[in-house]
Amino acid sequence: MSVHAHPDDESSKGAATLAKYAAEGVEVLVVTCTGGERGDVLNPAMDRPGVRENLAAIRRDEMAEARRILGVRQRFLGFVDSGLPGPGEPLPEGCFALAPLEEAAGRLVGLIRSFRPHVVVTYDETGGYPHPDHIRTHQVTVAAFDAAGEAGRHPEAGAPWRPLKLYYQGGLSRPWFQALHDAMTARGMDSGMREVLAELPEAGSGSGSGSGLEITTRVPCAEYFATRDRALLAHATQIDPNAGFMLHDRDVEREVWPTEDYHLARSHVAVDADIDVATPEDDLFAGVRRPPRPTAAAGAAASPGCG
């Protein structure tokens, strides 16, 4: 289960991972906390009459197409986009960022208990960037992760289910931008990343992002970068195909950074001698599922997929 704030977040953060696991037969559910109703139209080609007036419906259609491309399921949590107020401006009444934490977490607990994921992925406490909906998504997901397995919490939400691992997104880090910038510059390409790097905090001494988030897990998924890009472009109101993330050379990216990266925040998995959990991990299900063991019987069944 991958929990996000708005439509398009699932395609810009960890989308190749989702496509990879879905292609392998894992059940994958994207939860979108809001409808993105207060988002801007960021693609000039889509800034035309009828788009802003119908943005909520258009973004739902975009989400449906991105979900289809990734091969995953998707559910809206049903809250209203908070927008991005300027300094000193209040949050709009009734928005997601102002929703009571227990109410919002209760809705997500219901989805966790019905879908029964083994792994949950969301943002760290910074939200990845300081959008109020991203920060609230972190808070709600952590609260729901903790509550879902307790019978006395949200009894109206169904039978308890305890997910085994909680990860935070670690992508689009300063090291990622720096590695691609250096690699393209060395090949005589214009990376277009100098301005981005100038605005990002310096990376710490560890392997984490510029914010200091330690990367514990690197999922190889370069063969799904094209699927990620198609899903991202499905969010046509949000993604300009001629700007930003769409400009860097994909062959260079596959060569120098073929993974999507995560931080393991919580784990209920007991690692025993039969399970080799590498550091860093290369699988969100490390310690959850065992690889299929060879047997004498032809066509022996593989271990079941996890959600």
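Our subject is the structure that appears above.
Residues numbered from 1 in each chain as written. Predicted model: local features only at pLDDT ≥ 70, side-chain atom pairs only at ≥ 80, totals over all residues. Heavy atoms only, no water.

Draft legend 1. Spatial organisation of the pattern of salt bridges. A complete count under the given rule lists 19 salt bridges for this structure. The salt bridge involving Glu24 is made with Lys20; its shortest N-O contact spans 3.3 Å. A relative accessible area of 45% places Glu24 in the partly exposed class. The class of Lys20 is buried, set by a relative accessible area of 12%. In this structure, Asp229 and Arg250 form a salt bridge, with 2.8 Å as the shortest nitrogen-oxygen distance. Residue Asp229 is found in helix α8 (residues 225-234), and its partner Arg250 is found in helix α9 (residues 250-256); the two are separated by 21 residues along the sequence. The residues Asp229 and Arg250 share a single accessibility class, namely buried. It is possible to trace a salt-bridge network through shared partners that takes in Lys20, Glu24, Asp283 and Arg289. (Salt bridge = Lys/Arg side-chain N within 4 Å of Asp/Glu carboxyl O. Buried < 20%, exposed > 50% of the residue type's maximum accessible area, 1.4 Å probe, protein only. Helix = DSSP H or I, 4+ residues; strand = E, 2+ residues; numbered from the N terminus.)

Draft legend 2. Layout of helix α6 (residues 174-186). The terminal C-alpha atoms of α6, which comprises 13 residues, lie 18 Å apart, in line with the 18 Å expected from a rise of 1.5 Å per residue. In this fold, the buried residues of α6 make contact with α7 (194-199) and α9. Taken from the residues just after α6, Gly188 is the one with a positive phi, measuring 80°. (Expected span 1.5 Å × (residues − 1). Contact = heavy atoms within 4.5 Å.)

Draft legend 3. Spotlight on the packing of aromatic side chains. Applying the stated criterion across every chain yields a total of five aromatic pairs. On the numbers, 5.1 Å between centres and 85° between planes, the contact of Tyr21 with Phe285 is edge-to-face. One end of the pair, Tyr21, is in helix α2 (residues 15-23); the other, Phe285, is in the segment after β7 (259-267), and 264 residues separate them in sequence. The buried category is assigned to Tyr21, whose relative accessible area is 4%. Given the relative accessible area of 4%, Phe285 is considered buried. When the ring of Phe79 is compared with that of Phe96, the centres are 5.2 Å apart and the planes differ by 40°; the resulting orientation is tilted. Linking Phe79 in strand β3 (residues 73-79) with Phe96 in the loop between β3 and α4 (101-115), this pair joins segments that are 17 residues apart in sequence. In this structure, Phe79 and Phe96 share a single accessibility class: buried. Above the face of the Phe76 ring, Arg60 is positioned so that its terminal group lies 4.0 Å from the ring centre. A cation over a ring is seen here: Arg107 above Phe79, with NZ or CZ 3.8 Å from the ring centre. (Phe/Tyr/Trp six-rings, centres within 6.5 Å; stacked < 30°, edge-to-face > 60°. Lys NZ or Arg CZ within 6 Å of the ring centre and 35° of its normal.)

Draft legend 4. Up close: the packing of helix α3 (residues 55-70) against α8. Taken N-terminus to C-terminus, the directions of α3 and α8 make an angle of 170°; their axes are 8 Å apart at the nearest point. Between α3 and α8, the crossing angle belongs to the class labelled roughly antiparallel. Only Thr227, Arg230, Ala231 and Ala234 of α8 make contact with α3, whose side of the interface consists of Glu62, Glu65, Ala66, Ile69 and Leu70. Here the contact of α3 with α8 is composed, by residue class, of five nonpolar, one polar and three charged. (Axes fitted to C-alpha atoms, helices over the stretch in contact; angles between N-to-C directions. Parallel < 35°, antiparallel > 145°, perpendicular 65-115°, else oblique. Nonpolar A, V, L, I, M, F, W, Y, C, P; charged D, E, K, R; others polar.)

Draft legend 5. Summary view of the packing of α4 against helix α5 (residues 132-147). α5 packs onto α4 with a crossing angle of 60° between their chain directions and a minimal axis gap of 8 Å. Relative to α5, the element α4 lies oblique. Handedness of the α4/α5 crossing: right-handed. Where α4 approaches α5, its residues Leu101, Ala104, Ala105, Leu108, Val109, Ile112 and Arg113 are matched on the opposing element by Arg136, Gln139, Val140, Thr141, Ala143, Ala144, Phe145 and Ala147. (Left-handed = near helix turned anticlockwise from the far one by under 90°.)

Draft legend 6. Examining α5 more closely. The terminal C-alpha atoms of α5, which comprises 16 residues, lie 22 Å apart, in line with the 22 Å expected from a rise of 1.5 Å per residue. Counting buried positions over the 16 residues of α5 gives 13, a clear majority of the element.

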